[in-house]
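Chain residues, written in single-letter form:
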Amino acid sequence: ALNNARRAALEKATGVEVRGSSVVYNFQLINDLVLTATKGVIVSEKILENICKSKDEHLFCTAKIEAGVMPLHVERRGDFAVTKAVVHRAGSDAAKLSPVFQSKDEIQIRATANQDAYLSIFSVDQYGNLAKLYPNEYCAYDMLPAGRELVLPDAQQRQAGLKFKVSTPKGVKRAVESVLVVALKNKKQLLTGGAENPTLMDLMQELSNIDPSLWVEKTVGYEVRE
């Protein structure tokens, strides 16, 4: 409901239809983060209403926000793009577009850009909270040549003890999450301001201060079951 409100705010502010980054699995909405790199960025947000009610075993949610939007000039990006972003079980070569994992499964992430770029990778939960996965203290933040695949963690890192495992929140049997890949043409570490609990809005605000021709993003959603 909140993401639909964000999409409506973007459409109203930019005057164009915004395509959210959505992934559907088994007719369920897995991920609808409105990563607004297509038409605009929400740089401020105030939640005016966020209500969920149950009726006849169904849950109904409504949301209303007041948002500040910065339009982006996408024509300046040229063909710069994240061409690949997938999440799969560690050790498996069969990467699925919208995988479903069991809690405690170990995962790997693969990402590629079509131009030389510095990649940042984040885990995003269904409420928009972020955790930075890359770069980290175990991985050097180096430029990734065009077309080369970044595997995180790779076999050597896994052998050294760096592993990513998914899990459902306490008391929840099912969760939807996503991995967000941001590619920058210039070397810059994102979300270094020390925010205790960074959110998607924090990241988008930071990106809004960077020339739109210098960054692109791509997201992939997945489901975790207990």
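Definitions and limits used
- Residues numbered from 1 in each chain as written.
- Predicted model: local features only at pLDDT ≥ 70, side-chain atom pairs only at ≥ 80, totals over all residues.
- Heavy atoms only, no water.
- Phe/Tyr/Trp six-rings, centres within 6.5 Å; stacked < 30°, edge-to-face > 60°.
- Helix = DSSP H or I, 4+ residues; strand = E, 2+ residues; numbered from the N terminus.
- Disulfide = S-S within 2.5 Å.
- Pairing = 2+ DSSP bridges.
- Salt bridge = Lys/Arg side-chain N within 4 Å of Asp/Glu carboxyl O.
- Buried < 20%, exposed > 50% of the residue type's maximum accessible area, 1.4 Å probe, protein only.

Draft legend 1. Spotlight on the packing of aromatic side chains. The tally for this structure, following the rule as stated, stands at two aromatic pairs. Summarising the aromatic geometry, the rings of Phe101 and Tyr222 are spaced 5.6 Å apart at their centres and angled 70° between planes, so their arrangement reads as edge-to-face. With Phe101 in strand 6 (residues 100–102) and Tyr222 in strand 13 (residues 215–225), the pair connects residues that are 121 residues apart, well separated along the chain.

Draft legend 2. A look at the state of the cysteines. Within this structure, the stated rule accounts for one disulfide. What pairs with Cys52 in a disulfide is Cys61, and their sulfur atoms sit 2.1 Å apart. Judged by the torsion about the S-S bond (110°), the Cys52/Cys61 disulfide is right-handed.

Draft legend 3. Representation of the pairing of strand 9 (residues 130–134) in the model. Here four bridges tie strand 8 (residues 118–125) to strand 9, and the two strands are oriented antiparallel to one another. When the sheet's bridge partners are listed, Val124 is paired in strand 9 with Leu130. Connecting the antiparallel pair strand 8 and strand 9 is a turn made up of four residues, with Gly128 showing a positive phi of about 90°.

Draft legend 4. Region of interest: the pattern of salt bridges. One pass over the full model with this rule turns up seven salt bridges. For Glu106, the salt bridge is made with Arg158, and the minimal N-O distance between the two is 2.8 Å. Taken as a pair, Glu106 in strand 7 (residues 106–113) and Arg158 in helix 2 (residues 155–159) lie far apart in primary sequence, 52 residues in all. Residue classification places Glu106 among the buried residues on the basis of a relative accessible area of 16%. Arg225 is the partner of Glu223 in a salt bridge, and the nearest nitrogen-oxygen pair spans 2.8 Å. Judged by relative accessible area, which is 0%, Glu223 ranks as buried. Sharing partners across several salt bridges, the network here consists of Lys84, Arg110 and Glu149.

Nothing here speaks to function; it is geometry throughout.
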